[in-house]
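# Residue-level structural notes
Each chain, written out:
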Amino acid sequence: MADSARVLIVDDVPDNIQVAMNFLKEEDYDLSFATRGQEALSLMQEHDYDLVLLDIMMPEMDGYEVCRIMKKDSRLRNIPVIFVTAKVDVDSISQGFQAGAVDYLCKPFHAEELLARVKTHLNLYRAQRLLQQNNLSLQSKLEFNQRRLLSELEHNQIEMIYVLTELMESTSDETGKHIRRVSECCRLLALYHESLTDEDADVLFHASPMHDIGKITIPHDILHKPGKLSAEEFATMQTHTTRAYDILKQSKRRYTKAAAIIAHQHHERWDGSGYPQGLKGEAIHIYGRIVGIIDVFDALLHKRVYKEAWSFDDTFDYLAANSGSHFDPYLVTLMLEHRDEFAAIIKQ
């Protein structure tokens, strides 16, 4: 301990510094000194000290002020300060402890007293630092294990999503390709949205494939009917949103929670004319609005049993014509501004 401990002695009287150094050099401490408060603070910024012996009555800046400045500095606040002074009245001693000192040594002092006080506080400081290091190490391990656990849980969610996506694909190859295109386009649109983060884009990429998962509950003859659905059949088709939500809503995990929102709201419309809740404007979750516009965008561009494929120009014209009614106007603007990038995803 003694070999590595660095001690700073601060006193405006050189003889006092010399006396203290003569006593302490027997313990082979690494000793430094300063004769002014500002000089001491500058040394503390340049070097690491384990303890400071600080005089109170100094010109320009007294010891109280030096100690108070140290306690405001995150790098210096834990260094123990022992006031060494001729001021022995109760008020001075009280002010010293209020400033943040750990001990108070009155001049003139005996060598044994100085050595004992210094050794005690150096040992306490070493123990404090060791405890902090152990706590930091423990905290780091806990955080690492928490991150690993969350990562495993999220990978499990993603795996579940893709298992269910493959189940969707098994019903129709067209549906499987649609799911992958929607996923890529949703991520791209989220990346351009000024209010969303890269994390939102990641969530949309992994959760959007579940937007139509409720269709696995819809009878095959309705799901693949080549002609127009009857009112009763369309009502049955609409239930795919609420059925998916009822299954997914119990989860507390972010991908599955996002998938529940998307499955429930991707058929809502900006003007409130959508289903199943008739939500309007920003009452529709942004994830639902993004998947809603991308779902229509991709569906228009590809042939279905009930329609032929549209051209890119006709599809983008449709988005523009329905801005503010079917679709969020801001999302339409983003898609028109970056139409070539969305078209590239579709062509791939």
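Residues numbered from 1 in each chain as written. Predicted model: local features only at pLDDT ≥ 70, side-chain atom pairs only at ≥ 80, totals over all residues. Heavy atoms only, no water.

Scanning the chain from N- to C-terminus turns up 14 helices and 5 strands. A separation of at least 24 residues holds for 62% of the contacts in the chain among residues at least 6 apart in sequence. Accessible area for the chain stands at about 18,400 Å²; split by element, carbon and sulfur atoms hold 52% of it. (Helix = DSSP H or I, 4+ residues; strand = E, 2+ residues; numbered from the N terminus. Contact = heavy atoms within 4.5 Å. Areas by Shrake-Rupley, 256 points an atom, 1.4 Å probe, with all protein chains shown as cover.)

Bringing the nonpolar core into the picture now. Leu189, Ile290, Ile293, Ile294 and Phe297 are the most contacted members of the largest nonpolar core, which totals 41 residues. Only α6 (173–192), α7 (198–207), α9 (231–248), α10 (254–265), α11 (286–301), α12 (312–321), α13 (329–337) and α14 (339–347) provide two or more residues apiece to this core. Ranked by residues supplied to this core, first place goes to α11 with 10 residues. Ignoring any residue separated from it by four or fewer positions in sequence, one finds Ile293 in contact with Leu189, Leu319, Phe327, Leu331, Val332 and Met335. (Core = buried A, V, L, I, M, F, W, Y, C linked by side-chain atoms within 4.5 Å. Buried < 20%, exposed > 50% of the residue type's maximum accessible area, 1.4 Å probe, protein only.)

Applying the stated rule across the entire model yields 9 aromatic pairs. Between Phe23 and Phe109 the ring centres are 6.1 Å apart and the planes differ by 70 degrees, which places this aromatic pair in the edge-to-face class. Linking Phe23 in helix α1 (residues 14–24) with Phe109 in the loop between β5 (103–106) and α5 (111–171), this pair joins segments that are 86 residues apart in sequence. Considering the side-chain rings of Phe234 and Tyr275, the 6.0 Å spacing of their centres and the 80 degrees angle between planes classify their relative orientation as edge-to-face. (Phe/Tyr/Trp six-rings, centres within 6.5 Å; stacked < 30°, edge-to-face > 60°.)

Another point: the pattern of salt bridges. If you walk through the whole model with that rule in mind, you get 16 salt bridges. The network of salt bridges with shared partners includes Asp11, Asp55 and Lys107. (Salt bridge = Lys/Arg side-chain N within 4 Å of Asp/Glu carboxyl O.)

We now examine the sheet that holds strand β3 (residues 51–54). Read across the sheet, 5 strands follow the order β2-β1-β3-β4-β5 without closing on themselves; strand pairing throughout is parallel. Lying at the two open borders of the sheet, with one neighbouring strand each, are β2 (30–34) and β5. In this sheet, neighbouring strand axes are inclined to one another by 20 degrees on average, regardless of whether the strands run parallel or antiparallel. Two strands pair when backbone bridges link them, and β3 and strand β4 (residues 81–85) are joined in this way by 3 bridges, in the parallel orientation. Pairing of Leu54 across the sheet is with Phe83, part of β4. Strands β1 (6–10), β2 and β3 of the sheet are contacted by helix α2 (residues 37–46), whose axis makes an angle of about 140 degrees with β2. (Pairing = 2+ DSSP bridges. Axes fitted to C-alpha atoms, helices over the stretch in contact; angles between N-to-C directions.)

Moving on to α9. Spanning 18 residues, α9 covers 27 Å between terminal C-alpha atoms, matching the ideal 26 Å at 1.5 Å per step. Along its length, α9 reaches its greatest deviation from straightness, about 30 degrees, at His240. Turning to α9, its buried residues number three or more, namely Glu233, Met237, His240, Thr241, Ala244 and Leu248. The elements touched by buried residues of α9 are α8 (220–223) and α10. (Expected span 1.5 Å × (residues − 1). Bend = angle between axes of the 7 residues up to and from the residue.)

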